[in-house]
Amino acid sequence: MKARRIAELLRTQPIDEQVVIQGWVRTFRNNQFIAMSDGSTIKTLQVVVDRETTDPEILKRINTGAAIEAHGTLVPSQGRGQSVELVADDITIHGEADPEKYPLQPKRHSMEFLREIAHLRFRTNTFGAVFRVRHALAFAIHKFFNDEGFYYLHTPVITASDAEGAGEMFRVTTLDLHKVPMKEQGSIDFKQDFFERETNLTVSGQLEAELGALALGKVYTFGPTFRAENSNTSRHLAEFWMIEPEVAFCDLDDNMDLAEAMLKYVVSYVIRECNDDLAFLNDRFVKEEQSKPKQERSEWSLLEKLAFIVEHDFERLTYTRAIDILRNSKPNRKKKFNYVIEEWGADLQSEHERYLVEKHFKKPVILTDYPKDIKAFYMRMNDDDKTVRAMDILFPGIGEIVGGSQREERLDALKARMAEMDIPVKELYWYLDTRKFGTCPHAGYGLGFERLVQFVTGMSNIRDVIAFPRTPGNANF
RNA sequence: GCCUCCAUAGCUCAGCUGGUUAGAGCGGCGGACUGUUAAUCCGUAGGUCCAAGGUUCAAGUCCUUGUGGGGGCGCCA
């Protein structure tokens, strides 16, 4: 008989049917009740074994973590706490989990401990919920873009251009590091490397996505991205997944509309499809908040935060207006900020972003039209010649979740900007060609996928929303 | 990269201004009970107090260095 999944059995409740389930033991109570999980849902199915007729040797091996298969009949539960249960007539142990050595117990473990056993942490309620939600978000993103007429473009992971200026890069090479081939002048001879030139892991697929957008109209990328920055925070990874839509004939307002619609779509998708997991994560979130000091505590539960995102328009304002608000804010006047805002042109610190989002507007904020000096070369210059058509979407708790812009489509303006910022024009001839031939206004943005998962699951550390986090000094598993 | 905090049983943690044999809960093992819900009750075993130096009559506790980890900041998504 084919095994069925617990999620399906709990949904359809085929009473009196003979069924088979396969999964892992969460707890074994009273030598009689197995709480069994098969990953299909956060809920467990209670398997009732007859301790009189079941071989004691089998009973002894039913421990937390063991993989088992249960054959039996689904019946209404006699106990409280579940509506149906499986009365087993046969139990097979597929794989034991020696309770003396198995690190997971039916109790609360710290996130730090679970991070050190990342190969086993999928088996906990929290990580089961996180990875089901992560999947649902990824699926919803593909569905949203597909429904909107976008094409999923696979941009390269290995890139030769280091001109993007998005951060430090990881080198890709097959050269023998013990005897690197040198040229006469003392520089490394990359002609002998695999690609016969210097190559790195991508820090962004944007430039390539622009090429696709200027033919296919609407494209998006969704792939791994690498930054060799020595960033040690709860919101940074060396390897993370990024979504980068790029749209032709699109200005900054359209771009903001798209980003806001996408975020609302995926959040409401998950609210609809991941009920049980979100309910669990919500409880977890609320408990964690209660343990924090009062002024750091979130006013809302996780579910309230998610509902709020879907129901309210994001606040849109220019950088210039944001500076005015910040300059006149209480913490600025009382010099409570670590970095006091003195004048226009200053880069916003995360304390300022947090003030705007969490204190002043109390909703997601989209900041636009930043000073050109603090933004990338490819952003479209405004008529004031001082600001560019950039936008950052700031979310409560995690800060910047989206960074995007309208792209500079005018060849002369782009070249001038590249010269000013020492971007090698020659190397990026292919990028400039799109401005030479059939250029048009276009725009796009980058969404940090793990930051989105962080927001939706309420997990406070980004290392707990990706299976095997890569951070400075850590590439385990 | 900078600033901070932490490391005690398999896990979560307590251990006061340095002072005798380092504690609890969970988990393990043995038993009792049996429709339980992280089951309960009784008993029991379990420790290189992260490592290496140092101060002291005496170090889990103080100092130095190292290792591992957390949090904050910067860089960003």
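Residues numbered from 1 in each chain as written. Chains lettered and ligands numbered in written order. Predicted model: local features only at pLDDT ≥ 70, side-chain atom pairs only at ≥ 80, totals over all residues. Heavy atoms only, no water.

Asker: Would you take a moment to explain the overall build of chain A for this structure?
Answerer: A tally of regular secondary structure across chain A gives 14 helices and 16 strands. If you line up chain A on its principal axes, its C-alpha atoms span 85 × 60 × 45 Å. In chain A, buried positions account for 51% of the 477 residues. Put simply, 68% of the contacts in chain A that link residues at least 6 apart link residues at least 24 apart. Of the accessible surface of chain A, which amounts to about 23,900 Å², a share of 49% is contributed by carbon and sulfur atoms. Charge-centre separation for chain A: the mean point of 63 positive side chains lies 4 Å from the mean point of 74 negative side chains. (Helix = DSSP H or I, 4+ residues; strand = E, 2+ residues; numbered from the N terminus. Buried < 20%, exposed > 50% of the residue type's maximum accessible area, 1.4 Å probe, protein only. Contact = heavy atoms within 4.5 Å. Areas by Shrake-Rupley, 256 points an atom, 1.4 Å probe, with all protein chains shown as cover. Lys, Arg positive; Asp, Glu negative; His and termini not counted. Charge placed at Lys NZ, Arg CZ, Asp CG, Glu CD.)

Asker: Can you walk me through the protein's contact with RNA strand B in this structure?
Answerer: Near RNA strand B there are 50 residues, and of these Asn30, Arg80, Pro106, His236 and Arg451 occur at the shortest range. In the interface set of RNA strand B, defined as its atoms within 4 Å of the protein, sugar plus phosphate atoms amount to 46%. Contacts to RNA strand B include Ser77, whose side-chain N or O atom sits 3.5 Å from a base nitrogen. Here the residues of the surface near RNA strand B are counted per class, giving nine nonpolar, 23 polar and 18 charged. (Near = heavy atom within 4 Å. Polar contact = N/O pair within 3.5 Å; in protein donor to acceptor, adjacent residues only side chain to side chain. Nonpolar A, V, L, I, M, F, W, Y, C, P; charged D, E, K, R; others polar.)

Asker: What is the right way to look at the pattern of salt bridges in this model?
Answerer: Where charged atoms from two side chains of opposite charge come close, those side chains can pair. Counted under the stated rule, the structure contains 29 salt bridges. Between Arg61 and Glu96 there is a salt bridge; the shortest N-O distance is 2.8 Å. Within this pair, whereas Arg61 is found in helix H2 (residues 56-61), its partner Glu96 is found in the loop between strand E5 (84-95) and helix H3 (111-116), the two being separated by 35 residues in sequence. We classify Arg61 as partly exposed; its relative accessible area is 29%. Arg284 serves as the salt-bridge partner of Glu288, at 3.7 Å between the closest nitrogen and oxygen. (Salt bridge = Lys/Arg side-chain N within 4 Å of Asp/Glu carboxyl O.)

Asker: Even after reading the chapter, I still don't get the domain arrangement of chain A, so can you show me in this structure?
Answerer: When the parts come together, some accessible area is lost, and that loss is often what is quoted as the size of the interface. What the domain assignment reports for chain A is domain 1 (6-106) and domain 2 (125-168 + 203-464). On a C-alpha basis, the centroid separation for the pair domain 1 and domain 2 is 44 Å. Tallying the contact residues gives six residues for domain 1 and six residues for domain 2. Counting the surface domain 1 buries against domain 2, the share from its top three residues, Arg26, Ile42 and Lys43, is 78%. Among the salt bridges present, the one from Asp276 reaches Lys43, with a minimum N-O distance of 3.7 Å. Here domain 1 is connected to domain 2 by two residue pairs in polar contact (both at pLDDT 80 or more). For the side of domain 1 that touches domain 2, the per-class residue count stands at one nonpolar, three polar and two charged. (Domains from an automatic or database assignment. Buried area = accessible area lost by both parts, 1.4 Å probe.)

Asker: Looking at this structure, how should I read helix H8 (residues 302-311)?
Answerer: At 3.6 residues per turn, the α-helix brings residues three or four places apart onto the same side. Looking at H8, one finds that the buried residues are Leu302, Lys305, Leu306, Phe308 and Ile309. The arc that holds every buried residue of H8, seen down its axis, measures 160°, which confines them to one face. Buried residues along H8 sit against helix H6 (252-273), helix H7 (275-290), strand E14 (387-395) and helix H14 (449-457). (Arc of directions from axis to C-beta.)

Asker: What am I meant to see in the sheet that holds strand E1 (residues 18-29) here?
Answerer: The strands making up a sheet associate through hydrogen bonds between their backbones, and the pairing can be parallel or antiparallel. Strand order in this closed barrel of five strands is E1-E2-E3-E5-E4, and the pairing throughout is mixed. Averaged over all neighbouring strand pairs, the angle between strand axes comes to 55°, with direction disregarded. Judged from the 10 bridges that link them, strand E4 (residues 67-76) and E5 form a sheet pairing that is antiparallel. In the sheet register, Gly72 faces E5, and the bridge partner there is Ala88. (Pairing = 2+ DSSP bridges. Axes fitted to C-alpha atoms, helices over the stretch in contact; angles between N-to-C directions.)

Asker: Teacher, can you tell me more about the nonpolar core here?
Answerer: General note: in soluble globular proteins, nonpolar side chains tend to be found buried as a group. Counting residues in hydrophobic clusters, the biggest one holds 67 residues, and the most contacted among them are Phe145, Ile393, Leu447, Leu452 and Val456. The element contributing the most residues to this core is helix H4 (residues 125-147), with 12 residues. Lining this core are residues from two domains, each supplying at least three of them: domain 1 (6-106) and domain 2 (125-168 + 203-464). Not counting the four nearest positions on each side in its chain, Ile393 is found in contact with Ala259, Leu263, Phe314, Val365, Ile366, Gly399, Glu400, Ile401 and Val402. Grouped together as the second largest cluster of nonpolar side chains are 31 residues, Ile325, Leu348, Ala390 and Leu414 included. (Core = buried A, V, L, I, M, F, W, Y, C linked by side-chain atoms within 4.5 Å.)

Asker: I tried to follow the sheet that holds strand E9 (residues 199-201) on my own but got confused; where do I start?
Answerer: Strand order in the open sheet formed by three strands is E7-E9-E8, and the pairing between neighbours is antiparallel. Lying at the two open borders of the sheet, with one neighbouring strand each, are strand E7 (158-159) and strand E8 (171-172). With two bridges joining them, E7 and E9 adopt antiparallel strand pairing. Of the residues in E9, the one forming a bridge with Thr159 is Asn200.

Asker: Help me understand the pairing of strand E2 (residues 33-37) in this model?
Answerer: Two faces make up the sheet, and in a regular strand the side chains alternate between them. Of all the five residues making up E2, four are buried; the element is thus mostly covered by neighbouring parts of the structure. Strand direction decides the pairing type here: E1 and E2, joined by five bridges, are antiparallel. In the strand pairing of E2, Thr27 is matched with Ala35. Connecting E1 to the antiparallel partner E2 that follows it, the hairpin turn spans three residues, and Asn30 within it adopts a positive phi of roughly 65°.

Asker: I would appreciate a short explanation of the packing of aromatic side chains in the present structure.
Answerer: Describing an aromatic ring pair means giving the distance of the ring centres and the angle of the ring planes. Counted by the stated rule, this structure contains 22 aromatic pairs. For the pair Phe122 and Phe131, a centre-to-centre distance of 5.1 Å together with 55° between the ring planes defines the contact as tilted. The partly exposed category is assigned to Phe122, whose relative accessible area is 35%. With 5.8 Å between their ring centres and 40° between their planes, Phe468 and Phe477 make a pair best called tilted. (Phe/Tyr/Trp six-rings, centres within 6.5 Å; stacked < 30°, edge-to-face > 60°.)

Asker: Explain a positive patch on the surface to me, please; I cannot follow it from the model alone.
Answerer: On the surface, Lys330, Arg333, Lys334 and Lys336 cluster together into a positively charged patch. Among the structural elements, Lys336 can be located in the loop between helix H10 (330-333) and helix H11 (350-361). Here Lys336 falls in the exposed class, since its relative accessible area comes to 63%. (Patch = residues over 30% accessible without salt bridge, like charges linked within 9 Å, V, L, I, M, F, W, Y side chains within 5 Å.)

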